[in-house]
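Residue-level structural notes
Each chain is listed here by its residues.
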Amino acid sequence: MKSPVVTASPGHKIKLSKIDPGDTGGITKEKALQRFCDLREKIYELQEILYAERRRSLLLVFQAMDTGGKDGAIKNLCAGLNPAGLEITSFKAPSSEDLDHDFLWRVHKATPRKGMIGVWNRSHYEDVLIVRVHKLVPKKVWKARYDQINRFEEILTENGTTIVKFMLHISKDEQKKRLQARLDRPDKWWKFNPNDIKERTRWGAYQKAYEDAVNNCSTKCAPWRVVPANHKWARNVALAEVVLHTLKEMDPRYPKPSFDPKTIKIE
């Protein structure tokens, strides 16, 4: 299987229009489902060691267009993991308290503790995405945030947090299908927001904002990974491959006991 994931690197600009959101990496759905189960088991094993080690943390950031599949991707990836070692945060519109602070304040509080895997559904990148598209702040303000974000992520990395950022990439046609599917099923009406239709008219502006965010904030310590996400089963495998590879590179180790197990006798 050739990974369909496109990893952005410093100095190399990506074009979303050149990345096929339907790319499956050549794997079939049947094989993908089995492969995903195998990957998740291995992720679980390393998660347990990371949790026991309690020296470092892993932060997974998920961004996508509306209906891009963030909820489903997180649900599938985390379903087989130990909830005690997970910290999942879903960022909505900022509160009045959030707005009284700098834009990184609310996310910094949610960074994962040592030993934990933190999962962010949306993130600080909303402040260079929706804020930009809707012109909520002047251009000079959101443009300056690219460097601020890079410095923030560098600080986290230097303090033991490995950051993996996923942009789930779907096509405009796929978004239309998913929005229609929500309208066709009464049990999905709660997920539908009429405002999604208005946001859809800004597709081009969002694509440009995502491109710029990926290109300006892909650093050596925290590159972006663009994941083709039209096919959910292929998306899940691609995500799990990256997470497993990252945990292997982190190489967590069980801590040495503070006692000699051989001297312990349980009567």
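For the structure given in this document, a descriptive report is provided here. (Residues numbered from 1 in each chain as written. Predicted model: local features only at pLDDT ≥ 70, side-chain atom pairs only at ≥ 80, totals over all residues. Heavy atoms only, no water.)

Quick look at the overall build of the protein chain now. The helix and strand tally for the protein chain stands at 10 helices and six strands. For the protein chain, the C-alpha radius of gyration of 20 Å lies close to 18 Å, the compact-globule estimate for 267 residues. Taken across its 267 residues, the protein chain has 50% of its residues classed as buried. Long-range contacts, defined as pairs at least 24 residues apart, comprise 82% of the intrachain contacts of the protein chain with a sequence gap of at least 6. Of the roughly 14600 Å² that the protein chain leaves accessible, carbon and sulfur atoms contribute 52%. Taking the average place of the 49 positive charges on the side chains of the protein chain and the average place of its 34 negative ones, the gap between the two points comes to 4 Å. (Helix = DSSP H or I, 4+ residues; strand = E, 2+ residues; numbered from the N terminus. Rg over C-alpha atoms; globule rule 2.2 N^0.38 Å. Buried < 20%, exposed > 50% of the residue type's maximum accessible area, 1.4 Å probe, protein only. Contact = heavy atoms within 4.5 Å. Areas by Shrake-Rupley, 256 points an atom, 1.4 Å probe, with all protein chains shown as cover. Lys, Arg positive; Asp, Glu negative; His and termini not counted. Charge placed at Lys NZ, Arg CZ, Asp CG, Glu CD.)

Once that is clear, we can look at the packing of aromatic side chains. A complete count under the given rule lists four aromatic pairs for this structure. On the numbers, 5.4 Å between centres and 85° between planes, the contact of F91 with W120 is edge-to-face. Pair noted here: F91 is in the loop between β3 (86-90) and α3 (96-99) and W120 is in strand β4 (residues 117-121), with a separation of 29 residues, a long-range link. Judged by its relative accessible area of 7%, F91 is buried. When its relative accessible area of 0% is taken as the criterion, W120 is described as buried. Geometrically, the ring pair formed by W142 and Y146 is edge-to-face, given 6.2 Å between the ring centres and 75° between the ring planes. Taken together, the positions of W142 and Y146, both in helix α6 (residues 139-158) and four residues apart, correspond to about one turn of that helix. Residue classification places W142 among the buried positions, given a relative accessible area of 9%. Exposure remark for Y146: the relative accessible area of 5% places this residue in the buried category. The ring of Y51 has R54 lying over it, and the distance from NZ or CZ to the ring centre is 4.3 Å. Over the face of the ring belonging to F103 we find R145, whose NZ or CZ atom lies 4.6 Å from the ring centre. (Phe/Tyr/Trp six-rings, centres within 6.5 Å; stacked < 30°, edge-to-face > 60°. Lys NZ or Arg CZ within 6 Å of the ring centre and 35° of its normal.)

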